[in-house]
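Residue-level listing of the chains:
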Amino acid sequence: MKRILKSKILLIIIVVLLSSCYYDEVVVFEGLPENVSLKNDVQIIFNRDCNSSGCHDAQGTHEPSLVPENSYNSLTQGYVNTVEPEKSKLYVAVDVGGMPEGRTPLSENDKKIILAWITEGAKNN
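Let me sum up the structure you'll find in this document. (Residues numbered from 1 in each chain as written. Predicted model: local features only at pLDDT ≥ 70, side-chain atom pairs only at ≥ 80, totals over all residues. Heavy atoms only, no water.)

### Considering the overall build of the chain
Here is step 1: Secondary structure assignment for the chain yields five helices and zero strands.
Here is step 2: Sequence-ordered secondary structure for the chain, helices as α and strands as β, is α-α-α-α-α.
Here is step 3: Counting only residues that meet the buried cut, the chain has 30% of its 125 residues in that class.
Here is step 4: By sequence separation, contacts in the chain at least 24 residues apart represent 57% of the contacts at least 6 residues apart. (Helix = DSSP H or I, 4+ residues; strand = E, 2+ residues; numbered from the N terminus. Buried < 20%, exposed > 50% of the residue type's maximum accessible area, 1.4 Å probe, protein only. Contact = heavy atoms within 4.5 Å.)

Now the structure itself:
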């Protein structure tokens, strides 16, 4: 009887532990994502990797300024090329130019988000 009770308790503990485990689903884009927004997709990347610690900040330490209030105007002054998106200064910098400098390079998904935004016309959305 005690053995059955111990087995049931052990089973309950295992079920509780396993049900509390989770993982973040990582979406890997096969091609370019669609309907990319500067505010909701691209700016998140800039905020996380580019516009802090003296880089592309509001003080203009490194051009372009990628803080939310300046990023669109800064980028549309020669950093995006909607005719040939893959030749955009912004995309080239993150794809092969070593940005962010001295840190882990952007993921392939982040690069695709930036390229998709440029490809879709680099809208202020």
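### Points about the pattern of salt bridges
Here is step 1: Here the structure, examined in full by the defined rule, presents six salt bridges.
Here is step 2: A salt bridge links Lys 111 to Asp 95, with the shortest nitrogen-to-oxygen separation between them at 3.9 Å. Here the residue Lys 111 occupies a position in helix α5 (residues 108–119), and Asp 95 occupies one in helix α4 (residues 89–95), the gap between them amounting to 16 residues.
Here is step 3: Residue Lys 111 is classed as buried on the basis of its relative accessible area of 8%. (Salt bridge = Lys/Arg side-chain N within 4 Å of Asp/Glu carboxyl O.)

### Looking at helix α2 (residues 38–49)
Here is step 1: Those residues of α2 that sit buried are Leu 38, Val 42, Gln 43, Ile 45, Phe 46 and Asp 49. The buried residues of α2 all sit within an arc of 145 degrees when viewed along its axis, so they share a single face.
Here is step 2: N-capping of α2 is provided by Ser 37, with a side-chain oxygen placed 3.2 Å from the backbone N of Lys 39. (Arc of directions from axis to C-beta. Polar contact = N/O pair within 3.5 Å; in protein donor to acceptor, adjacent residues only side chain to side chain.)

### Section: the packing of aromatic side chains
Here is step 1: Following the criterion strictly, the structure yields zero aromatic pairs and no others.
Here is step 2: Residue placement shows Lys 89 over the ring face of Tyr 79; its charged tip is 5.7 Å from the ring centre. (Phe/Tyr/Trp six-rings, centres within 6.5 Å; stacked < 30°, edge-to-face > 60°. Lys NZ or Arg CZ within 6 Å of the ring centre and 35° of its normal.)

### Some words on unusual backbone geometry
Here is step 1: Of note, the amide linkage connecting Glu 63 to Pro 64 takes the cis form, showing an omega dihedral of -5 degrees.
Here is step 2: With respect to the helices and strands, the residue Pro 64 is situated in the loop between α2 and α3 (71–75).
Here is step 3: Not every positive phi belongs to a glycine, and Asn 35 is a case in point at roughly 55 degrees.
Here is step 4: As for its position among the elements, Asn 35 is in the loop between α1 (2–20) and α2.
Here is step 5: Phi at Ala 122 is positive, roughly 50 degrees, even though this residue is not glycine.
Here is step 6: Along the polypeptide, Ala 122 turns up in the segment after α5.

### A closer look at the nonpolar core
For soluble globular proteins, the rule of thumb is that nonpolar side chains tend to be buried together.
Here is step 1: In terms of nonpolar packing, the biggest core is built from 20 residues, with Val 42, Phe 46, Leu 90, Ile 114 and Trp 117 touching the most fellow members.
Here is step 2: Not counting residues up to four positions away in its chain, the partners in contact with Val 42 are Val 36, Ser 37, Ile 113, Ile 114 and Trp 117. (Core = buried A, V, L, I, M, F, W, Y, C linked by side-chain atoms within 4.5 Å.)

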